[in-house]
Each structure stands twice: as structure tokens, then as C-alpha cells.
Amino acid sequence: MAVAFNLSPAGLLGLAVVLGAAITVLVSGQARGSNDVADISAAADGPRAAEAPPFMKMLEVVPDPILVITGQDPDDLIDRRFIFANAAARDLFRITRDSGPLATAVRAPEVLEAVDEALFGKVTGEAVYQPGGAQDRVWRALAQPLPADGGDGRLALLFLRDETEVRRAERTRADFLANASHELRTPLASLAGFIETLRGHARQDEAARDKFLAIMQIQAERMRRLIEDLMSLSRIELNEHVPPLGRVDIGLAAIDVLDALGPIAAERCVSFKPSLPPRGVAVIAGDRDQILQVVQNLLENALKYSPTRGEVALDVRLDLDVAQAGAPRTPGAAYLSLLTPDHAAGLRYVALTVRDAGPGIAREHLPRLTERFYRVEGQKSGGERSGTGLGLAIVKHIMNRHRGGLMVESVEGAGAAFTAYFPVSPRIPVAVPGS
């Protein structure tokens, strides 16, 4: 099992220096017989079997991305070549061989500049590398110069350490404090005002006391829900870049949530209309608790906006490609992809759609639905809707952790539908009814 350590920039630099020194010794020992860096490059182009240099076999299993780079001409970008890339580097940069032009693997100018500092300036180069994509990863890149025994050849070590968790922890703390202080200010002020009133002229007014205490209880409950949702969102964001490893049956998860929300739906005179696959068919790689939260948040939103004697439909569709899963199903509906997964060839998806018969959502509101605390105003269908404005933000981050997508479609006056679609892991066979 790989163990990740949270290092400061100074500690990370020290690790790169130590690793660079070890590689220098190994490279020098490997090249000593030929006295030529080109021989190491040739070895890297060959199979990763018994003829591969020992240092390559050692670095292959290191969990951090590592590349060994050579170059001679600082004015020729094509001259810079990586002559070794371990498994982690090949996965990060999506390269299929151990050697080739560096520019074909690494396109970030700041990282290439750090490599040039190591190759031609003989100093340690450092950069922050953010490859983009739905998971928003952050890497610390360090380029360390290495002595080369052969001719005019130059060598550098490019070492990357994943800092996503550290950066997200810092951002999560800051966001939590900012959001909590902003959203709690109003209910706290309300509570303080009612307490002052009850201690003053309303002390002996029983009717006013009962009214104020009821309002205070509502405000306290709102603060409790807000803190719970903020903490839930913070936990999800912290591990958003780590894919879940469990197995979840989407159909069974939906049944559990429908059972739990049944009494609330009956109280509001709203009925559920599920259309679910047989047990064991819609199985995906996922975190069961988080998937339950996705289904619950979508169903609770549908219940809030459904009129009395309305109907909330829930259906699960199987074996879809990404275009089918994220396509609208209502003719003439306004629709928008709120989260699109990173492209992966050959992936199939399981899609869960929750549809209500409420007032719908105006087109201009769709892009902001997953913003924190954003609420659509002016679309009342009766009754007060309690909520923190965090439900869809939580759904979006859970779907991102599951490498899935989220889409909304709406017709004003005829309801809205949210579709969450999850990739089916190639390691999990999709059951076929009757097999």
C-alpha cells in the first residue's frame, strides 16, 4: 500500500534532492561502461524486462510521477526528451512509452521552464502543475539537475508530488469559516432579538412568548441543518479527488430512499412513481452513503416543488454512453449539463432521473443551480420550503468524486428533471436479467 506524506515545500525539495542523488549514483553506475547518456535512452526505449537498467525497475514502483530528462540545445524545444517515465508519470501525462519528446507529454509552460532551469541552469526548478479536468488536481513539480557522465549530455529529474489534499484542506477550512459566518449571521441576530424581547416587555405575555419560542426553534433548526450540510460538503470536497472503491446497487439505494421519504410524501399528498431495474443489475463502483445522499437530495427537492396530489417519477436506465446519459428527454425543454465527466473511451453509464410536476425552473437560473446557497426565487407552489441551498452543490461534488455527470432539464409550468449518471467500472460486470 502506498503511503502519502504531507511535506512542506522545503521538505519536498529535500526529498527530490535525495532521490536525485540516488538516481545520479544509479545512472552513473549504469552508464559507466559506455560513458554515454544515449545508452540510457536506448535502454529506456526497450522492453521493461530483464534488460532494463536496475534504477528504472526501482523507480517504476514509486507512487509519485518521475521522469528522467535529457537535452543539449536550450534553443531547441524538440531536443528535450524524457528517457524514462515511471508508471505514475505515464498515467498522469497519458503517455504510452518510456521515452519521447518532452513537449508531447508535458505541455504546461511553467513545468517546462522548471525543467530548463535544471537542464541548462544547473539549479533546482519548481512549479505548480494543474492539469485541469473535473477533479481539479494540484501537483508540485520539482526539476533537479543530475550529473551526466557522457559528452555534452545533460540530465534532469522531474519529480511531482500530489498536493491536492493539502490545498483542498486549506480551501475547505477557509470556505467553511466564510460560509458559516455569513449564513449564521441572520438567524443568530434573530435569536438575539427574540431573547432580548422575552427578557423585556414580553416577559409576562404568554401568547407572545409561545410565538417567539416557536420562531426561535425554527431558526435553531435551520442553523443545525446549515452546519450539518456545510460539514458534509466540506468532507466531500476534501476527498473529491479520491475515487470510491465500494460496490453499490443504484436500484436498491433508490428503494431505501423512497421508503425513508414515503411518510413525508404522504403528508404532502405527493406520490412516487419509480421505474427501477431488477436487483443486481445497476451495480457501480461507489460510496453507498454518498449515493444515498444524491438520491435523497434530488427526491427532497422534487417533493418541495411538487403540488398537492402531484407525482414524482424516478427511473434508472442502463448501459448508456456519455452522450445518451447527458441528453435531454423532454421535447422543448431548457437543459444544461451541470457537470460533465472527463472523457474516457468505452465507458458505459447508469443514469438516475428524478422528475417532478412543479413550476419548473426558468432558463436563466439553470447555470447557478449548483452554487452554494443559491435559491430560485418566485417559483412558489404552495407551502414554505425549508432548505440551506446546499443540496445540489453536495450532489455535484459527490457526482464529481464518482467521475459521473449531472444534467437538468426544465419546462416552465411543467416541472423539472435532474439526471445523475454514474460510470460502470470495467471491473464490475453488468448483470443481465435471466442469466
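Residues numbered from 1 in each chain as written. Predicted model: local features only at pLDDT ≥ 70, side-chain atom pairs only at ≥ 80, totals over all residues. Heavy atoms only, no water.

### Quick word on the nonpolar core
Buried together is how nonpolar side chains tend to be arranged in soluble globular proteins. Ile-250, Leu-298, Leu-299 and Leu-352 are the most contacted members of the largest nonpolar core, which has 60 residues in total. Sort the elements by how many residues they give to this core and helix α8 (residues 206–238) lands first, with eight residues. (Core = buried A, V, L, I, M, F, W, Y, C linked by side-chain atoms within 4.5 Å. Buried < 20%, exposed > 50% of the residue type's maximum accessible area, 1.4 Å probe, protein only. Helix = DSSP H or I, 4+ residues; strand = E, 2+ residues; numbered from the N terminus.)

### Overview of the environment of Glu-110
Mapping Glu-110 onto the fold places it in helix α6 (residues 109–120). Separated by 17 residues in the primary sequence, Glu-110 and Ala-127 place their C-alpha atoms 6.0 Å from one another. Excluding its chain neighbours within four sequence positions, the residues that come into contact with Glu-110 are Ala-127 and Val-128. (Contact = heavy atoms within 4.5 Å.)

### Focus on unusual backbone geometry
Peptide bonds are mostly trans, and most non-glycine residues show a negative phi. Here the phi dihedral of Arg-309 falls at roughly 65°; this positive angle occurs in a residue that is not glycine. In this fold, Arg-309 is placed in the loop between α10 (288–305) and β10 (311–320). On the accessibility criterion, Arg-309 (72% relative accessible area) is exposed. We note that Phe-373 has phi near 70°; this positive angle belongs to a residue other than glycine. When you line up the elements, Phe-373 lands in the loop between β12 (349–355) and α12 (391–401).

### Here we look at α6
Every α-helix carries 3.6 residues per turn, so stepping three or four residues along brings you back to the same face. With twelve residues, α6 should reach 16 Å at 1.5 Å per residue; the first-to-last C-alpha distance of 16 Å fits that figure. Residues Val-111, Ala-114, Val-115, Ala-118 and Leu-119 constitute the buried set of α6. The buried side chains of α6 occupy one side of the element, clustering within an arc of 135° when seen end-on. Along α6, exposed side chains directed more than 90 degrees from the buried face belong to Pro-109 and Glu-113. With its phi angle positive at about 60°, Lys-122 sits one or two positions after the end of α6. (Expected span 1.5 Å × (residues − 1). Arc of directions from axis to C-beta.)

### Remarks on the pattern of salt bridges
If you walk through the whole model with that rule in mind, you get 15 salt bridges. Here Arg-80 ties to Asp-116 by a salt bridge, and the two come within 2.5 Å at their closest N and O atoms. With a gap of 36 residues between them, Arg-80 in the loop between β1 (66–70) and β2 (81–85) and Asp-116 in helix α6 connect regions that are remote in the sequence. Overall, the relative accessible area of 3% leaves Arg-80 in the buried class. One salt bridge connects Arg-348 with Asp-319, and the closest N-O pair in it is separated by 3.0 Å. Remark: Asp-319 occurs in strand β10 and Arg-348 occurs in the loop between β11 (334–339) and β12; sequence separation between them is 29 residues. In this structure Asp-319 comes out as partly exposed when scored by relative accessible area, which is 49%. Sharing partners across several salt bridges, the network here consists of Glu-126, Arg-140 and Glu-163. (Salt bridge = Lys/Arg side-chain N within 4 Å of Asp/Glu carboxyl O.)

### Quick notes on the packing of α8 against α12
Between α8 and α12, the shortest axis-to-axis distance is 9 Å and the interhelical angle comes to 20°. Taken together, the axis directions place α8 and α12 in an arrangement best described as roughly parallel. Crossing angle aside, the handedness with which α8 passes α12 is left-handed. Residue-level inspection shows Asp-229, Ser-232, Leu-233, Ile-236 and Glu-237 of α8 in contact with α12, the latter providing Ala-393, Ile-394, His-397 and Ile-398. Residue composition of the contact of α8 with α12, by class: five nonpolar, two polar and two charged. (Axes fitted to C-alpha atoms, helices over the stretch in contact; angles between N-to-C directions. Parallel < 35°, antiparallel > 145°, perpendicular 65-115°, else oblique. Left-handed = near helix turned anticlockwise from the far one by under 90°. Nonpolar A, V, L, I, M, F, W, Y, C, P; charged D, E, K, R; others polar.)

### Quick look at the sheet that holds strand β6 (residues 155–162)
Read from one edge to the other, the open sheet built from six strands follows the order β3-β2-β1-β6-β5-β4, with strand pairing classed as antiparallel. Either end of the sheet is taken by a strand with one partner, and the two such strands are β3 (100–101) and β4 (125–129). α6 rests against β1, β4, β5 (139–146) and β6 of the sheet, and its axis sits at about 165° to β4. (Pairing = 2+ DSSP bridges.)

### Observations regarding helix α9 (residues 250–267)
Under the 1.5 Å per step criterion, the end-to-end length of α9 is 26 Å for 18 residues, consistent within 8% with the ideal 26 Å. Taking the largest bend as the criterion, α9 deviates by roughly 45°, centred on Leu-261, and proline Pro-263 comes between one and four positions later. Those residues of α9 that fall on the buried side of the exposure criterion are Ile-250, Gly-251, Ala-253, Ala-254, Val-257, Leu-258, Leu-261 and Ala-265. Put simply, Asp-249 is the residue that caps the front of α9, since its side-chain oxygen is 2.9 Å from the backbone nitrogen of Gly-251. Among the residues trailing α9, Cys-269 stands out with phi positive, at a value near 60°. (Bend = angle between axes of the 7 residues up to and from the residue. Polar contact = N/O pair within 3.5 Å; in protein donor to acceptor, adjacent residues only side chain to side chain.)

### With respect to the packing of α9 against α10
One can describe the packing of α9 onto α10 by two numbers: an axis separation of 9 Å at closest approach and a directional angle of 40°. As far as their axial angle goes, α10 and α9 are oblique. Where α9 crosses over α10, the two elements pack in a sense that is right-handed. For the pair α9 and α10, the contacting residues are Ile-250, Ala-253, Ala-254, Asp-256, Val-257, Leu-258, Leu-261, Ile-264 and Ala-265 in the first and Arg-288, Ile-291, Leu-292, Val-295, Gln-296, Leu-299, Glu-300 and Leu-303 in the second. Of the residues assigned to the contact of α9 with α10, the class counts are 13 nonpolar, one polar and three charged.

What is shown is where atoms sit, not what they do.
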